[in-house]
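# Examining the three-dimensional arrangement
Residue-level listing of the chains:
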Amino acid sequence: MENIRIAVIAGTRETGSMLCRQLDELLGAYMTFYPYPVTDWHEGEEMDLVLFSSHILFTRHPPLHSGAKLTDVLIIKRTLTRAGWELIRKLPPGNRYLVVNDERDSVVETISLLYESGLRQVDLLPYYPGVPDIYDVSAAITPGEAHLIPDSVKETIDIGPRVVDVSTIVEILTRFNLLNHETRKLLDEYGERIVSLSQGLQQTMHRLIDAKNLFEETLNMVQDGVVTYDEGGSITFVNRTAEEIFGEPAPSWAGRTIGELFGGHGLDRALLDSPEELKDRLLTVGKQAVIVNNMRILGRGGHSESVLIFKIAQKVEELELKLRTQLRDKGHAAKFSFRDIVTSSEQMLRIIARARKMAESELSVLILGENGTGKELFAHSIHNHSPRASFPFIAVNCSALSENLLESELFGYEDGAFTGARRGGKPGLFEQAHRGTIFLDEIGDISPALQTRLLRVLQQKEIMKVGGTKVLPVDVRIIAATNRDLYQMVKEGRFREDLYYRLKVLHIEIPPLRERKADIPPLVRFFLERRGVDREPGPGFMAALACYEWPGNIRELENTIEYMMIMSEGEFSVEELPFAIEQPAGDAAPIGTVARPAPDARAVPAAYMEDGRLERAILELILKAQLAGRPAGRRNLIKLAESEGLLIAESQMRHWIGVLNRQGLVEVRIGRGGCRLTRKGYELLNSR
C-alpha cells in the first residue's frame, strides 16, 4: 500500500507531537503523521492532507499557495476522554475554577469544550502563561498542563490532554476510502474511550459504514469483476472476482490508478478515455478472455465515478449452457433415439447405421421421405447420438407458419421491431438452440427470402434479429427434412442451389412403408402394446394390411390400428378396415393377399327381404340377447342368427342396425355396449 502522508499543524511542536501520537495510535497502520508548529510549516511540503489543530489557528494562518489545496485541509475537532470527564461532571454547582492551558487560543477552546460537554453548573475562568494573577480561585482544571497552574491554587483537576474527536477520524478515513468493517471496529473501540460531541454523526457514520459494507459484500458476491475509480483515475474499490481475474489482492490496489492497472496487464488505456462508454469489449487479461464494460455514474455536485465490469468469457458460456439446459428441461429436448425406431427391414437397418455415423459429425443433415415415414424420429435420434446431446433440440415446422412469423420465430426480434412486438424484444429459436440442434421440418416450403437468411446461418454461423443491427454468433447444427423433390425445385428455380448443397452435405432417404412391408407386423405389435392390448391380430388381418399401399405410411398405419381398437369387438376383422383391400387381377390370389367377400357371399334368404321380416328378425335377436343378459353387439347377433339358420354378413348387420336406429327402434351404445330395444321397438314387436 502506498504511504499516506499527513501534516499536523499546531501552535507549538509539543501540541502537534501529542496529536500525532493520538492519530498514530489509531491510524498508524494506514498513514503517517508529521507534526509542525505553525511557524515552521511550508506550503510546498508534499502531503496528502493537512490537519490544523484548531479553527482559530487555521483562521490566523490559512494556506495561501498551491502546496496545500484548500480541499486538502481539515480542521481537527477535539474532545475529552471519558476518564477525564468523570473527574469533573459532578463538580459542586456555583464554584469557580481556573481553566489552565499553554496559550490563549487553547484555553478558549478548552472552556468551550467543557461547556459543550455539559459542565455548566460552575464558573470557568481562563488562565495561560502571561495572564496577570488576578483571580482569587483555589481550584483549577487543566488538560494535561498542570505545570502551568499558579502556586496559589490548592486543588488541581487534570482531565488529561484533549483528544481527537471521532468525527475527525471518520472524515480522514472517508477521504482515503478507508471506511470498512475493520476500521469501524477501530472506531467503535475508540468511541468507548472518549466523550463524543457528535453522537448524531457517529450514528450516521455507523449507518454509512453498514451501507458501505453491505454494498461491498454484495459486489463481492457477484461473479463479475468490479473495479471503481474516481475522476482522477484513482481506484476506489475492487471486488474479490476482480482480484482473482488480475491475480492481485485488494490491498495492493490502494493508491493505484486505473492507468497503472491497464498498463500492467497490457490493456489499452485509450479505451477508458473514449467519450463513449465501453460495452461488451472482448479483451485478454492474463491468459483468460474477459468481456469488459465501462460505465460512468454522475453523483451530486457534478462529481462522477466510473465502474469497470469484467465478465469472464468462460463463465458467460457456462451460464449460457445452464440457460440452454433449462430450456431443454422446458421441452426443447429430443425425445427419441435410434432404439425407438421399430423395424426388421434390412434396408432400414442399413439406413439407421448410416444415420448413427452422421450423428457423430457436425455437418448439416438433410432427411428426405414421404409424409409419415418417420423423418422427425430420425432427427431426434441423430441429435441424441451426437456430441450436442446435452444441449437444446428445437423442432420447427416451416410450413405451419407464415413467412413473417417464421422469420421472427427463427431469428428473434428487437424491441419495437414491428407493431405488437414484445417489449424488450425476443430471442429467436437459433439463439435458444445455441450449441445444440435445430430441426427444420418441411424445409422445402420456406420462401426465397428466408432461404437467403438461412444460407447465412449455415455459412457464417451468425444471425441478425428482425429490426436489429448487431450480428450475433450462434453455434447450431441444422437438420432439415422435406417430402418434396428439392432437386427438381432447384432446377425450376424455386429453391436456392447453394442452400440445397449446403443442406445436403449428409443426407438420408427413408423408404415408404409400401417398400418395406416386413415392418408392418412389428409396427402393429408396437402400437397395440403401447395401448396395453396384448392380443395378436390374425394372419388374415395381417395379410390384408400387407395388400394395402399405405399412402400415409407409418402414420396412417398407426391411425388404422387406433381405429380398429375403437370399432372392433373381439378379433380384428378385415371388414372393419377403414379402407378397401382390392383383389389383384387373375384367378389365383398371390400368397398373403386377402379379398373382401362379395356382397352376396352370405345371402339372406329372399323370404326375409319381404314385408320387413328381416328388421323384425333382428329386433327379436336383440330382445333374446337382452333377456339372456348378453351384449347385443354385431358379433353376438350374427352368432344368434346362425343358430336359427339365418346367415347375415357383418356388413349387412351393421347396415340394418343403422336402419333400425334411424327409425328409432333401437338405441346404439358407444363401445362394446351393443344396442338395445327402444320403447318404440318393443311396441313394434308386440303389434305383430
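All figures in this text were calculated on a predicted structure; none of them were measured in a lab. (Residues numbered from 1 in each chain as written. Predicted model: local features only at pLDDT ≥ 70, side-chain atom pairs only at ≥ 80, totals over all residues. Heavy atoms only, no water.)

Right, let's talk about the overall build of the protein chain for a bit. Along the backbone of the protein chain there are 25 helices and 26 strands. Among the 688 residues that make up the protein chain, the fraction classed as buried is 45%. Contacts in the protein chain between residues at least 24 apart in sequence constitute 64% of all its contacts with a sequence separation of at least 6. (Helix = DSSP H or I, 4+ residues; strand = E, 2+ residues; numbered from the N terminus. Buried < 20%, exposed > 50% of the residue type's maximum accessible area, 1.4 Å probe, protein only. Contact = heavy atoms within 4.5 Å.)

It is worth spelling out unusual backbone geometry at this point. If a residue is not glycine, its phi is most likely negative; likewise, a peptide bond is most likely trans. Located in the positive-phi region is Trp550, a residue other than glycine, with phi close to 50°. Mapped onto the fold, Trp550 is located in the loop between helix H20 (539-547) and helix H21 (553-567). The backbone phi angle of Asn553 is positive, close to 60°, even though this residue is not glycine. Here Asn553 is to be found in helix H21.

Further remarks concern the pairing of strand E24 (residues 506-509). On a regular strand, each side chain points to the face opposite its neighbour's, so the side chains alternate between the two faces of the sheet. Burial of the side chains of E24 is restricted to one face: Leu506 and Ile508 are buried, whereas none of His507 and Glu509 on the reverse face is. Relative to E24, strand E16 (residues 365-368) is paired through four bridges, and the arrangement is parallel. Residue pairing in the sheet places Ile367 in a bridge with Ile508 of E24. (Pairing = 2+ DSSP bridges.)

Attention now goes to helix H22 (residues 613-627). Its 15 residues place the ends of H22 21 Å apart at the C-alpha level, agreeing with the 21 Å of an ideal helix rising 1.5 Å per residue. Those residues of H22 lying buried are Leu614, Ala617, Ile618, Leu619, Leu621, Ile622, Ala625 and Gln626. Buried residues along H22 sit in contact with helix H23 (634-643), helix H24 (650-662), strand E25 (666-668), strand E26 (675-677) and helix H25 (679-686). Trailing H22 by a residue or two, Gly629 shows a phi angle of about 75°, which is positive. (Expected span 1.5 Å × (residues − 1).)

Another aspect to go through is the environment of Met295. Topologically, Met295 is positioned in strand E14 (residues 288-298). Spatially, the C-alpha atom of Met295 lies 8.4 Å from that of Ile309, the residues being 14 residues apart in sequence.

Our focus in this paragraph is the environment of Leu637. Along the chain, Leu637 turns up in helix H23. Considered as a pair, Leu637 and Ile622 are 15 residues apart in the sequence and their alpha carbons are 7.0 Å apart. Ignoring anything within four residues of it in the chain, the contact list for Leu637 reads Leu621, Ile622, Ala632, Met653, Ile657 and Cys675.

Spatially, E17-E20-E23-E16-E24 is the arrangement adopted by the five strands of the open sheet, whose pairing is parallel. The outermost strands of the open sheet, each flanked by one partner alone, are strand E17 (393-397) and E24. Ignoring which end each strand starts from, the neighbouring axes of this sheet average 15° apart. Each of E16, strand E23 (477-482) and E24 is contacted by helix H12 (residues 346-359), which is oriented at about 160° to E24, the strand it contacts most. (Axes fitted to C-alpha atoms, helices over the stretch in contact; angles between N-to-C directions.)

This next bit is on the pattern of salt bridges. Throughout the structure, instances matching the rule amount to 20 salt bridges. Here Asp105 makes a salt bridge to Arg60, at a shortest N to O gap of 2.6 Å. Of this pair, Asp105 sits in helix H4 (residues 104-117) while Arg60 sits in helix H2 (residues 55-60), and the two are 45 residues apart along the sequence. A salt bridge links Arg514 to Glu370; the shortest N-O distance between them is 2.5 Å. On the criterion of sequence distance, the pair formed by Arg514 in the loop between E24 and helix H19 (520-530) and Glu370 in the loop between E16 and helix H13 (375-384) is long-range, its members being 144 residues apart. You can call Glu370 partly exposed: its relative accessible area is 27%. One continuous salt-bridge network, built from bridges that share partners, spans Arg60, Arg104 and Asp105. (Salt bridge = Lys/Arg side-chain N within 4 Å of Asp/Glu carboxyl O.)

The next point concerns the sheet that holds strand E8 (residues 139-142). Paired through their backbone hydrogen bonds, the strands of a sheet run either parallel or antiparallel. Strand order in the open sheet formed by four strands is E7-E6-E8-E9, with parallel pairing between adjacent strands. The sheet is open, and its two borders are formed by strand E7 (123-127) and strand E9 (155-158), each paired with just one other strand. Sheet twist, expressed as the mean angle between neighbouring strand axes with direction ignored, is 30°. With two bridges connecting them, strand E6 (residues 96-100) and E8 associate as parallel partners. Along E8, the bridge assignment pairs Val99 with Ile141. Of the strands in this sheet, E6, E7 and E8 touch H4, which is tilted by about 165° from E7.

This part covers a nonpolar patch on the surface. Among the surface-exposed residues, Tyr563, Ile566 and Met567 lie close enough to one another that they form a single nonpolar patch of about 280 Å² accessible area. Topologically, Met567 is positioned in helix H21. (Patch = residues over 30% accessible without salt bridge, like charges linked within 9 Å, V, L, I, M, F, W, Y side chains within 5 Å. Areas by Shrake-Rupley, 256 points an atom, 1.4 Å probe, with all protein chains shown as cover.)

It is worth spelling out the packing of aromatic side chains at this point. Tallied over the full model, the rule gives ten aromatic pairs. Geometrically, the ring pair formed by Phe52 and Phe58 is edge-to-face, given 5.3 Å between the ring centres and 80° between the ring planes. The class of Phe52 is buried, set by a relative accessible area of 2%. Members of the aromatic cluster, each reached through a chain of ring pairs, are Tyr487, Tyr500 and Tyr501. Just above the ring of Phe411 sits the side chain of Arg453; from NZ or CZ to the centre is 4.0 Å. (Phe/Tyr/Trp six-rings, centres within 6.5 Å; stacked < 30°, edge-to-face > 60°. Lys NZ or Arg CZ within 6 Å of the ring centre and 35° of its normal.)

It is the contact of H22 with H23, at a shortest axis distance of 10 Å, that shows an interaxial angle of 105°. In terms of their interaxial angle, H22 and H23 are classed as roughly perpendicular. Between H22 and H23, the contacting residues are Leu621, Ile622 and Ala625 on the first element and Leu637, Leu640 and Ala641 on the second. The class makeup of the residues in the contact of H22 with H23 is six nonpolar, no polar and no charged. (Parallel < 35°, antiparallel > 145°, perpendicular 65-115°, else oblique. Nonpolar A, V, L, I, M, F, W, Y, C, P; charged D, E, K, R; others polar.)

So, about the packing of H22 against H25. Running from N to C, H22 and H25 cross one another at 115°; their axes reach a closest spacing of 11 Å. By the angle between their directions, the pair H22 and H25 is classed as roughly perpendicular. Helix-helix and strand crossings are classified by hand; for H22 and H25 the assignment is left-handed. Contacts between H22 and H25 pair Arg616, Leu619, Glu620, Leu623 and Gln626 from the former with Tyr682, Leu684 and Leu685 from the latter. Residue composition of the contact of H22 with H25, by class: five nonpolar, one polar and two charged. (Left-handed = near helix turned anticlockwise from the far one by under 90°.)

We now examine the confidence of the model for the protein chain. When pLDDT is averaged along the protein chain, the result is 79; 80% of the residues meet or exceed 70. Between residues 582-610, whose pLDDT stays under 50, and residues either more than four places distant or in other chains, the model counts 43 contacts. (pLDDT = per-residue confidence, 0-100.)

Let's shift gears to the nonpolar core. Judged by nonpolar contacts, the single largest core of 32 residues is most densely connected at Leu410, Phe430, Ile438, Leu440, Ile443, Ile478 and Phe495. With five residues, helix H16 (residues 448-460) is the largest single contributor of residues to this core. Those residues within four positions of Ile438 in sequence are excluded, and the remaining contacts are Ile394, Val396, Leu410, Leu429, Phe430, Ala433, Val476, Arg477, Ile478 and Ile479. Counting residues in hydrophobic clusters, the runner-up holds 29 residues, among them Cys20, Leu26, Leu74 and Val164. (Core = buried A, V, L, I, M, F, W, Y, C linked by side-chain atoms within 4.5 Å.)

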